[in-house]
Amino acid sequence: MKSYQKLTTAVPQPAACWVEEEGSAPTPAGRGKLAPWWVGSGLLVAAVLLSTVTVWVLRQVSGGWPGPTPPPKCLLIPESHRFDCYPERHVVVTQELCESRGCCFIESPLPAGGKQGVPWCFYPPDFPSYTLESLNQTALGMVGLLVRREKAYYPRDIEMLRLDVEFETDTRLHIKITDAANPRYEVPLEVPPVMKRAENPIYSLDFSRNPFGVLLRRKATGTVLLNTSVAPLIFADQFLQISTLLPSKFLYGLGEHRGTLLHSLDWSTLTLWARDVSPTESFNLYGAHPFCLVMEEGGDAHGVFLLNSNAMEVVLQPAPGLTWRTIGGVLDFYIFLGPDPNMVIQQYQQVIGFPAMPPLWALGFHLCRWGYGSSNETWQTVRAMRNYQIPQDAQWNDIDYMDGYRDFTFDPQKFASLPSLVEDLHKHRQRYVMILDPGISSTNPRGSYWPFDEGLRRGLFLNTTQGQPLIGQVWPGFTAFADFSNPDTHQWWLENLQHFHAHVPFDGLWIDMNEPSNFMDGSEDGCPPGELDSPPYTPAVLGDSLSAKTVCASAKQKASVHYNLHNLYGLMEAKATASALIQIRGKRPLVISRSTFPSQGRYSGHWLGDNRSQWKDMYYSIPGLLSFSLFSIPLVGADICGFSGSTSEELCTRWMQLGAFYPFARNHNTQNEKAQDPTVFSPAARTAMKDVLLIRYSLLPFLYTLFHRAHLQGDTVARPLFFEFPRDVATLGLDRQFLWGRSLLVTPVLEPGVDSVTGYFPRGVWYDFYTGSSVNSSGEMLKMSAPLEHLNLHVREGAILPTQKPGTTSEATRGNPLRLIVALSQSATAWGDLFWDDGESLDTFERGSYSYLVFNVTQNIFTSTVLHASAEATEVTIGTLSIFGVRKPPSKVLLNGQEKPFSYLDNEVLTVSDLGLSLSQGFSLQWL
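Residues numbered from 1 in each chain as written. Predicted model: local features only at pLDDT ≥ 70, side-chain atom pairs only at ≥ 80, totals over all residues. Heavy atoms only, no water.

Asker: Summarise the overall build of the protein chain; cite the residues concerned and give the values.
Answerer: Looking only at helices and strands, one finds 17 helices and 51 strands in the protein chain. In terms of C-alpha radius of gyration, the protein chain reaches 29 Å, essentially the compact-globule figure of 30 Å for 928 residues. Over its C-alpha atoms, taken along the principal directions, the protein chain stretches across nearly 85 × 75 × 60 Å. Among the 928 residues that make up the protein chain, the fraction classed as buried is 63%. Restricting to contacts in the protein chain with at least 6 residues of sequence separation, those with at least 24 account for 70%. Accessible surface, the protein chain: about 32700 Å² in total, of which carbon and sulfur atoms supply 52%. Here the protein chain contributes 72 positive and 90 negative side-chain charges, whose respective centroids are spaced 3 Å apart. (Helix = DSSP H or I, 4+ residues; strand = E, 2+ residues; numbered from the N terminus. Rg over C-alpha atoms; globule rule 2.2 N^0.38 Å. Buried < 20%, exposed > 50% of the residue type's maximum accessible area, 1.4 Å probe, protein only. Contact = heavy atoms within 4.5 Å. Areas by Shrake-Rupley, 256 points an atom, 1.4 Å probe, with all protein chains shown as cover. Lys, Arg positive; Asp, Glu negative; His and termini not counted. Charge placed at Lys NZ, Arg CZ, Asp CG, Glu CD.)

Okay, structure coming up:
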């Protein structure tokens, strides 16, 4: 029996809601008559004014802040509600600069460590904004006209805006603000057409007319989800900004960043601009995901998606409040009302699309490193893995396989045996994946490198403002960059891949450097002067320039300028690559991409980039993969054991245990570091790594079914605990544990030198995955034994997990008998399901070529019901049923009415073996 030590639970305390009756947005008398936000603030304002004036006077007396007294209207605004009027960095904001913008100036003490703090320059209550001049009903919602009569302080203010509101579904609202007179760039994302207005929306919407503001409430609770009248709307040609109060401090999403799963609202700025940089806190990373999820008090959830691909900042402040700030496009918001966090993510995916169903082999273990140096060395690693019978589905190569780092080539000396290696992998039912970069070498003699010559001839590269290919520098030296916004580029990409596949029949593709990354800033000639490369406002991007380590924002692409398309580059390449793989292989593609944007789960998975072999990197991988679950890219993982730096045996063992539960599990390593594949470690470590991979392989039927549910309806695969326990506030900040689906809890060790681990167990019964022993939690932290060879896994009551005797590849595993693990609830019920197909054919669900089974337990009877059957299911048998939580020893067990031998242990586990039942046949098993 496992011993559990109960610990006190630290609960993140939710902030008090800003009640609208007391706060800045009084209940409206009727649509369009909502009073301005500075009226009706009553006691709060009086208290704030009194305390602020008192503090200000005391500081004057003590010689603290010099200067004249700020106007009373400025002192009215509490520090937490000060919305920044001068967000430019690297500028010392003086009173003169601030007041030239018509804003309030009050100095505040600077926070330690160079962090952001309370803005010194902030909007007064009467700062000019837009007025809602007209509002008319439409078939789907409303259309309005917004007018700005006084210019704000960025060039080319757009004075007349069109407001479109569509009540798309009962749980989805669409609000779009754009130029009333002239077309603007909009993200070319296909969104679902809406034919009729929602009949019973679970939200109510009101507006303030002057200043214009949106007030969105959840009908059931009255919670205000959006209140945009707290700061002025600004809509200039290259500066768009809208702010809102938040109903709580529990906010997630807004990628790609490294940090905790739950964001800090302590004056933090999150920048969205795709950038090649090792994951580092506070930097803008590889992808852009302008989507956030907010947990409201009481456990409801809502999500907000800003469909905009321009450089962007999202500013969080303790009000709690949020500011969206972007430098192009339009303000195109979708709001998802849930009310449950799982439903919010499903509703988001109804707009951006559900993720693709991966091939089964993609869910096996992948091995890679930069620096194998040769195909023979790569082959040696594969053979060593087979020799120790360690599961492996795919072998990968990084850029060292290429000839001179050029795409679509392989080194004729060091990788001469690569075609033979791939043939050998296929013979052993394994797969091969290699890397590709979008930078195409531009310096080869004409006629010697078809990819560049043909791309140039067809005009498929990014161009400078002068119409010539923009030349940057990546691994092969000087390069041109493929323009994936051009459909003709997709055809050229396919032809290149077809030529290469004829020599090296790869199975999947790894697309890297697709932010796009450039070793130069802009191009070999820099970037031209102008407002695309040097906009009036540059968000807080790493390097302080849009062209830092990428191409010029002014570069011309088929669909628009790079200024608008930069954050879409990885998505467009993933789309081209997935399409090419389907045409070449005729099977489900595996694409793993570094740069991502909303909807990319339809085409690729993602790995979390060039991490380091450090314990903190292992921890940060968990909020990373959970955030990408929110972003609808479920096939995600980090480089197991770390990419750069040198791992240790202990770190790599613990990381292999965690990584075995990444949805995408790949161990990857850089060059010039010692090898870190499982075969190079001591027998004890190697065995621990092998054992946890065998556990992963045993769970492939469960994991594959989770991916089916993701593909079909947008369920998450790796899941934060708060998704399942949204009313348990102790779960809201948890990111050192996670769930697979609803029911498998993973509690990894994330620090060195320990033989125990502490994890939170939400209220209910949890069963040890290995033994079936139970722990009944009241919602508490438990300390568990965790020797180096052990990963703590627990099954939630009421679940049925389909597992399988593991083999060393997913294909070998497929033919083995199934074991169903039943975790009885306290009322002795359980439920589970299984999706089964051939593992790789296209559109098996859509074509009906699959089996789907539902498992149920009630009143001591286990039932397997086949809801849909296909030929594949006839080849698989159910061998064993393990039932956890059978409180009394049964006297007999009946299988379809016939008595069957069984075993029963005193930890309340009933096991029935040697069932030999075909998966395609329903059955029932009863214990008496």
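Asker: Tell me about the state of the cysteines, residues and numbers included.
Answerer: In this structure the tally under the stated criterion is 5 disulfides. The side chain of Cys74 participates in a disulfide bridge whose partner is Cys104; the two sulfur atoms lie 2.0 Å from each other. Measuring the twist about the S-S bond at about -75°, one finds the Cys74-Cys104 disulfide to be left-handed. Taken as a pair, Cys74 in helix 2 (residues 72-75) and Cys104 in strand 2 (residues 104-105) lie far apart in primary sequence, 30 residues in all. This pair shows no difference in class: Cys74 is buried, exactly as Cys104 is. The disulfide partner of Cys527 is Cys552, and the gap between their sulfur atoms is 2.1 Å. Around the S-S axis, the bridge from Cys527 to Cys552 shows a dihedral of about -95° and counts as left-handed. Residue Cys527 is located in the loop between strand 26 (508-511) and helix 9 (562-565), and its partner Cys552 is located in the loop between strand 26 and helix 9; the two are separated by 25 residues in the primary sequence. Among the cysteines of the protein chain that take part in disulfides, numbered as they appear in the sequence, the pairing is 1-5, 2-4, 3-6, 7-8, 9-10. With no disulfide of its own, Cys368 lies closest to Cys641 among cysteine sulfurs, the gap being 13 Å. Classification of Cys368 as buried rests on a relative accessible area of 2%. (Disulfide = S-S within 2.5 Å.)

Asker: So what about the pattern of salt bridges? Which residues, and what values?
Answerer: Taken as a whole and judged by the stated rule, the model has 41 salt bridges. With a shortest N-O distance of 3.6 Å, Arg594 and Asp610 are connected by a salt bridge. Here Asp610 lies in the loop between strand 28 (605-607) and helix 11 (615-630) and Arg594 lies in the loop between strand 27 (591-593) and strand 28, a separation of 16 residues in the sequence. When its relative accessible area of 1% is taken as the criterion, Arg594 is described as buried. Under the relative-accessibility criterion, Asp610 is labelled buried at 17%. The shortest N-O distance in the salt bridge between Arg719 and Glu724 comes to 2.8 Å. The class for Arg719 is buried, based on a relative accessible area of 4%. Exposure remark for Glu724: the relative accessible area of 14% places this residue in the buried category. One salt-bridge network, in which partners are shared between bridges, spans Asp276, Asp512, Glu515, Arg594 and Asp610. (Salt bridge = Lys/Arg side-chain N within 4 Å of Asp/Glu carboxyl O.)

Asker: Account for the packing of aromatic side chains, with residues named and values stated.
Answerer: The tally for this structure, following the rule as stated, stands at 45 aromatic pairs. Aromatic pair Tyr154 and Tyr537: ring centres 6.2 Å apart, planes at 75°, arrangement edge-to-face. Placement of the pair is Tyr154 in the loop between strand 5 (141-148) and strand 6 (160-169) and Tyr537 in the loop between strand 26 and helix 9, with a sequence separation of 383 residues. Overall, Tyr154 belongs to the buried group, its relative accessible area being 6%. (Phe/Tyr/Trp six-rings, centres within 6.5 Å; stacked < 30°, edge-to-face > 60°.)

Asker: Please give an account of the packing of helix 13 (residues 683-698) against helix 14 (residues 700-713) that cites residues and values.
Answerer: Axis separation between helix 13 and helix 14 bottoms out at 5 Å; the angle between their running directions is 55°. Taken together, the axis directions place helix 13 and helix 14 in an arrangement best described as oblique. Contacts between helix 13 and helix 14 involve Arg696, Tyr697 and Ser698 from the former and Leu700, Pro701 and Leu703 from the latter. Its residues assigned to classes, the contact of helix 13 with helix 14 shows 4 nonpolar, 1 polar and 1 charged. (Axes fitted to C-alpha atoms, helices over the stretch in contact; angles between N-to-C directions. Parallel < 35°, antiparallel > 145°, perpendicular 65-115°, else oblique. Nonpolar A, V, L, I, M, F, W, Y, C, P; charged D, E, K, R; others polar.)

Asker: Hey, could you go over the pairing of strand 36 (residues 764-768) for me, with residue numbers and the actual values?
Answerer: The buried count for strand 36 comes to 5 of 5 residues, which makes it a mostly enclosed element. As judged from the 4 bridges shared by strand 36 and strand 37 (residues 774-777), these two strands associate in the antiparallel manner. By the bridge assignment for strand 37, Tyr767 is matched with Ser774. A loop of 5 residues connects strand 36 with strand 37, the two strands running antiparallel in sequence, and Gly772 in this loop sits at a positive phi of about 85°. (Pairing = 2+ DSSP bridges.)

Asker: Can you tell me about the sheet that holds strand 26, naming the residues and giving the values?
Answerer: The 9 strands lie next to each other as 29-28-27-26-22-21-20-31-30, forming an open sheet whose pairing is parallel. Looking at strand neighbours, the two that pair on one side only are strand 29 (636-637) and strand 30 (639-640), the edges of this open sheet. Along the sheet, helix 10 (residues 569-585) contacts strand 22 (431-436), strand 26 and strand 27; its crossing angle with strand 26, the most-contacted strand, is approximately 165°.

Asker: Any details on unusual backbone geometry? Residues and values, ideally.
Answerer: Geometrically, the link from Asn210 to Pro211 is a cis peptide bond, its omega value of 0° lying close to zero. Relative to the helices and strands, Pro211 is located in the loop between strand 8 (203-208) and strand 9 (213-218). Cis peptide bonds are those with omega within 30 degrees of zero, and the linkage from Glu515 to Pro516 qualifies with -5°. As for its placement among the helices and strands, Pro516 is situated in the loop between strand 26 and helix 9. The phi torsion at Ser282 lies on the positive side, around 75°, for a residue other than glycine. You can see Ser282 is positioned in the loop between strand 14 (268-272) and strand 15 (289-295).

Asker: Account for the packing of helix 12 (residues 649-659) against helix 13, with residues named and values stated.
Answerer: Taken N-terminus to C-terminus, the directions of helix 12 and helix 13 make an angle of 5°; their axes are 9 Å apart at the nearest point. It follows that helix 12 is roughly parallel to helix 13 by the angle criterion. For the pair helix 12 and helix 13, contact is made by Glu649, Cys652, Thr653, Met656, Gln657 and Gly659 and by Ala685, Ala688, Met689, Val692, Leu693 and Arg696, respectively. By residue class, the composition of the contact of helix 12 with helix 13 is 7 nonpolar, 3 polar and 2 charged.

Asker: Got a sec to walk through helix 11? Specific residues and values, please.
Answerer: The end-to-end C-alpha distance of helix 11, which contains 16 residues, comes to 24 Å, matching closely the 22 Å that a straight helix rising 1.5 Å per residue would cover. Remark: Ser632 follows helix 11 within two positions and exhibits a positive phi of approximately 65°. (Expected span 1.5 Å × (residues − 1).)

Asker: Describe the nonpolar core, and please don't skip the residues or the numbers.
Answerer: Within soluble globular proteins, side chains that are nonpolar tend to cluster in buried spots. Within the largest apolar cluster, 237 residues are counted, with the highest numbers of intra-cluster contacts made by Trp324, Phe661, Phe862 and Leu925. Discounting residues that sit within four places of it in the chain, Trp324 has contacts with Leu240, Gln241, Ile242, Leu254, Pro290, Cys292, Val304, Leu306, Met312, Glu313, Val314 and Phe333. Cys85, Phe105, Ile234 and Leu245 belong to the second largest nonpolar core, which has 28 residues in total. (Core = buried A, V, L, I, M, F, W, Y, C linked by side-chain atoms within 4.5 Å.)

Asker: For helix 6 (residues 418-427), give the residues involved together with the corresponding values.
Answerer: Listing the buried residues of helix 6 in full gives Leu418, Leu421, Val422, Asp424 and Leu425. Buried residues of helix 6, viewed axially, fall in a sector of 160°; they line one side. Within helix 6, the exposed residues directed more than 90 degrees away from the buried face are Glu423 and Lys427. After helix 6 finishes, the residue Arg429 shows a positive phi value of roughly 60°. (Arc of directions from axis to C-beta.)

Asker: Tell me about the pairing of strand 13 (residues 250-255), residues and numbers included.
Answerer: With 6 of 6 residues buried, strand 13 lies mostly within the body of the structure. With 5 bridges joining them, strand 13 and strand 15 adopt antiparallel strand pairing. What sits directly across from Leu251, in strand 15, is Val294.

Asker: Before we move on, could you go through the sheet that holds strand 10 (residues 224-227) and cite the residues and values that matter?
Answerer: Strand order in this open sheet of 3 strands is 8-9-10, and the pairing throughout is antiparallel. Looking at strand neighbours, the two that pair on one side only are strand 8 and strand 10, the edges of this open sheet. Neighbour to neighbour, the strand axes of the sheet diverge by 15° on average, direction disregarded.

Function cannot be read off these values alone, since they describe shape.
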